[in-house]
Amino acid sequence: MSQLRIAIVGAGPAGIYAADLLLKAERDVDVSIDLFERLPAPYGLVRYGVAPDHPRIKGIITALRDVLDRGDVRIFGNVNIGTDITVEELRDYYHAVIFATGAVRDAALPVPGLELEGSYGAADFVSWFDGHPDVPRDWPLEAEQIAVIGNGNVALDVARILVKHPEDLASTEIPANVAEGLASSPVTDVHVFGRRGPHQVKFTPLELRELGELRDVDMILDEADFPDAETTAALVAGNKQIMVIDRVLRSWRERETGQASRRLHLHFWAKPLEFVGDEAGRVRALRYERTAPLPDGTVVGTGEVRELPVQAAYRAVGYYGSPIDGVPFDEARGVIPNEGGRVSVDGVQIPGVYATGWIKRGPVGLIGHTKSDAMETVSNLLADGELWWTPEHPEESAITALLDERAVAYTDLDGWHRLDEHEIGLGAGERARVKVVPRDEMIRISRGEG
Ligand SMILES: Cc1cc2nc3c(=O)[nH]c(=O)nc-3n(C[C@H](O)[C@H](O)[C@H](O)COP(=O)(O)OP(=O)(O)OC[C@H]3O[C@@H](n4cnc5c(N)ncnc54)[C@H](O)[C@@H]3O)c2cc1C
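Naming follows an unreviewed UniProt entry, where the chain appears as ferredoxin--NADP(+) reductase of Mycetocola reblochoni. Per its UniProt entry, the chain bears the Sequence similarities (unreviewed entry) comment "Belongs to the ferredoxin--NADP reductase type 1 family." According to the UniProt record, the Catalytic activity (unreviewed entry) comment for the chain reads "2 reduced [2Fe-2S]-[ferredoxin] + NADP(+) + H(+) = 2 oxidized [2Fe-2S]-[ferredoxin] + NADPH".

This is the structure:
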């Protein structure tokens, strides 16, 4: 073999790190990589998940861009693997494929009332405020009281964007339709609900602390949610993260409140039972049950049911991967089943097929974790020489010919640069960029079509 041809599907951090590591790995064959991305722009959830008011994290894009700018990975944006090119067809062009397709959907929350108007999934809202091309431009922001279900960082992102004064987002990359939408919101109170206690949250301290710094927003906590001093000391002992979280929450409990025009409430020991609707089919309340801790760290319902009037309820209980035609999928976990990145079903490896990132491990963990994921997947792929496919058309020109023949309007590295420069230009030096949202406009700008 003169050259090992690898397809990577998904240009989020996991796909880009996998490409980088493949090129840097010690190996005895030349590698040629094609990176396919179904969106006209790269970077996955760093562009379309990380909140716009987190410029430091968005800045990871610079490092990812440096990998692509080295020029030794070919990029095909606006190409959906599974439809534009089938997985079966990849076998004719590559020796192996790595799926790095991430997760974009909301995990299920099994409560009645999800179909009501005013009930939303966090993933959809995040896609809206981050200018994802495939979601509607308008978002209904008519509620004064809002519930957010979940005790992880995504719940905090959703709550923060909902409660933050829109002027304080003006310097970020949010698109114009998002700025307008948020400016029209009459919100006064956002309530975040967690089934477990304040010392069992999945928030990271930095994200939590940030809430207390929001201008003109009071942090409201209920003393009844906090254990006594002795129990608290036992809970924080030996866990630095929980110790910091405890300190942050304590500082808020001691703060004076009552002056701010908006409030962010944190409710612990609260298990959602139902999104309650009115006669018109709109959310009018959240019904929840108080819980209590069990010795094994789980919780049990106490039977005490409460109802809080809200006009909108967001579920932020995790993300979930999507299946791709022709690739095994674990419905229960929302991942491609694999062992160390080698895709396998019931312990039997599928030759030539690999997975990395959130679709490999499940939608938990920070961007940095996708690098260690990619390391394992890449080294297993390189060790599997005898299992690689034997493509009929390994030459690089064959895949471009296929896309041209199918009239797929793909974007490439130069195209991504054009879009990037255009968006930075729209920022006019005052904002890092202003995102272009409509897919056809992204493609037109990328392809230099007027
Ligand atoms: C709301 C939110 C906020 C977050 N904030 C932070 C944060 O502040 N800090 C942090 O470290 N981490 C954060 N994360 C986590 C971080 O985004 C993930 O760890 C990381 O993006 C996972 O990388 P990935 O490449 O596996 O998946 P993704 O980033 O989802 O990338 C997958 C890519 O594959 C593409 N794709 C999917 N299917 C196909 C197909 N069939 N054909 C072609 N392409 C396809 C997708 O379009 C996407 O671009 C956040 C996540 C979310 C959801």
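Having seen the model, we can carry on.
## Here's the deal with the overall build of the chain
When its secondary structure is counted, the chain shows 16 helices and 18 strands. What you see for the chain is a C-alpha radius of gyration of 24 Å, in line with the 22 Å of a compact globule of 450 residues. If you line up the chain on its principal axes, its C-alpha atoms span 70 × 50 × 40 Å. Taken across its 450 residues, the chain has 43% of its residues classed as buried.

## Overview of the site of the ligand
The ligand sits among 36 residues. The nearest are G10, G12, G44, G102 and G357. Within the shell around the ligand, the residues separate by chemical class into 20 nonpolar, 13 polar and 3 charged. Residues lining the shell around the ligand come from more than one domain, with at least three contributed by each of domain 1 (3-104 + 321-410) and domain 2 (105-319).

## What about the pairing of strand β14 (residues 312-315)?
The alternating pattern of β14 places A312 and Y314 on one face and A313 and R315 on the opposite face, and all of these are buried. Judged from the 4 bridges that link them, strand β7 (residues 145-149) and β14 form a sheet pairing that is parallel. Among the inter-strand pairings, I149 is bridged to a residue of β14, identified as R315.

## Here's the deal with the nonpolar core
Generally speaking, nonpolar side chains in soluble globular proteins are found buried as a group. Counting residues in hydrophobic clusters, the biggest one holds 117 residues, and the most contacted among them are A18, F99, V148, V158 and Y314. Among the elements that line this core, the one with the most residues is helix α7 (residues 153-163), at 8 residues. In this structure, this core is formed jointly by two domains, domain 1 (3-104 + 321-410) and domain 2 (105-319), each of which donates at least three residues. Excluding residues that lie within four positions of it along the chain, V158 makes contacts with A122, F125, V126, V148, Y314 and A316.

## Comments concerning unusual backbone geometry
The phi dihedral of Y43 falls on the positive side, at around 90°, and the residue is not glycine. Along the chain, Y43 falls in the loop between β2 (30-37) and α2 (44-48). Positive phi is not limited to glycine here, since D216 has a value of about 60°. For D216, the location among the structural elements is in the loop between α9 (205-211) and β9 (217-221). Taking the C-beta count within 10 Å as the criterion, D216 has 13 such neighbours and is therefore assigned partly exposed.

## Focus: the UniProt feature "binding site: NADP(+)" (unreviewed entry) in the chain
The positions that UniProt labels "binding site: NADP(+)" (unreviewed entry) are, in the present scheme, N151, G152, N153, V154, R195, R196, E207 and G365. Inspection of the secondary structure puts G152 in the loop between β7 and α7. One can find N153 in helix α7. Apart from the residues lying within four places of it in its own chain, the contact partners of N153 are F203, T204 and E207.

## With respect to the sheet that holds strand β3 (residues 73-77)
The mixed open sheet is built from 7 strands, whose spatial order is β3-β2-β1-β4-β18-β17-β16. Of all the strands in the sheet, the pair left with one neighbour each is β3 and β16 (338-339). Sheet topology places β2 next to β3; 5 bridges connect them, and they run parallel. In the strand pairing of β3, D34 is matched with R74.

## Observations regarding the UniProt feature "domain: FAD/NAD(P)-binding" (unreviewed entry) in the chain
Residues given the UniProt feature "domain: FAD/NAD(P)-binding" (unreviewed entry) here are residues 5-165. Structurally, residues 5-165 is divided into 34% helix and 20% strand, and its ends, taken at the C-alpha atoms, are 50 Å apart.

## Describing helix α1 (residues 13-24)
The first and last C-alpha atoms of α1 sit 16 Å apart over 12 residues, in line with the 16 Å expected at 1.5 Å per residue. Counting buried positions along α1 yields 10 of 12 residues, so the element is predominantly enclosed. Among the residues making up α1, those that are buried are P13, A14, G15, I16, Y17, A18, A19, D20, L21 and L22.

## A word on the packing of α1 against helix α4 (residues 60-69)
Remark: α1 packs on α4, axes separated minimally by 10 Å, with the N-to-C direction vectors making an angle of 45°. Our classification of the angle between α1 and α4 gives oblique. Between α1 and α4 lies a crossing of left-handed hand. Facing P13, I16, A19 and D20 of α1, the residues of α4 in contact are L64, V67 and L68. Its residues placed into classes, the contact of α1 with α4 shows 6 nonpolar, no polar and 1 charged.

## So, the packing of helix α6 (residues 122-129) against α7
When two helices pack together, you describe them by how their axes are tilted relative to each other and by the distance separating the axes. Interhelical geometry of α6 versus α7 gives an angle of 55° and a closest axis separation of 10 Å. When the interaxial angle is binned, α6 and α7 end up oblique. Regarding α6 and α7, the two cross each other, and that crossing is left-handed. Touching A122, F125, V126 and F129 of α6 are V154, D157, V158 and I161, all from α7. The residue inventory of the contact of α6 with α7, partitioned by class, reads 7 nonpolar, no polar and 1 charged.

About the cut-offs
Residues numbered from 1 in each chain as written. Predicted model: local features only at pLDDT ≥ 70, side-chain atom pairs only at ≥ 80, totals over all residues. UniProt positions renumbered as here; feature names shortened; annotations may be inferred. Helix = DSSP H or I, 4+ residues; strand = E, 2+ residues; numbered from the N terminus. Rg over C-alpha atoms; globule rule 2.2 N^0.38 Å. Buried ≥ 20, exposed ≤ 12 C-beta atoms within 10 Å, placed from the backbone. Near = placed C-beta within 6 Å. Nonpolar A, V, L, I, M, F, W, Y, C, P; charged D, E, K, R; others polar. Domains from an automatic or database assignment. Pairing = 2+ DSSP bridges. Core = buried A, V, L, I, M, F, W, Y, C linked by C-beta atoms within 7 Å. Contact = placed C-beta atoms within 7 Å. Expected span 1.5 Å × (residues − 1). Axes fitted to C-alpha atoms, helices over the stretch in contact; angles between N-to-C directions. Parallel < 35°, antiparallel > 145°, perpendicular 65-115°, else oblique. Left-handed = near helix turned anticlockwise from the far one by under 90°.

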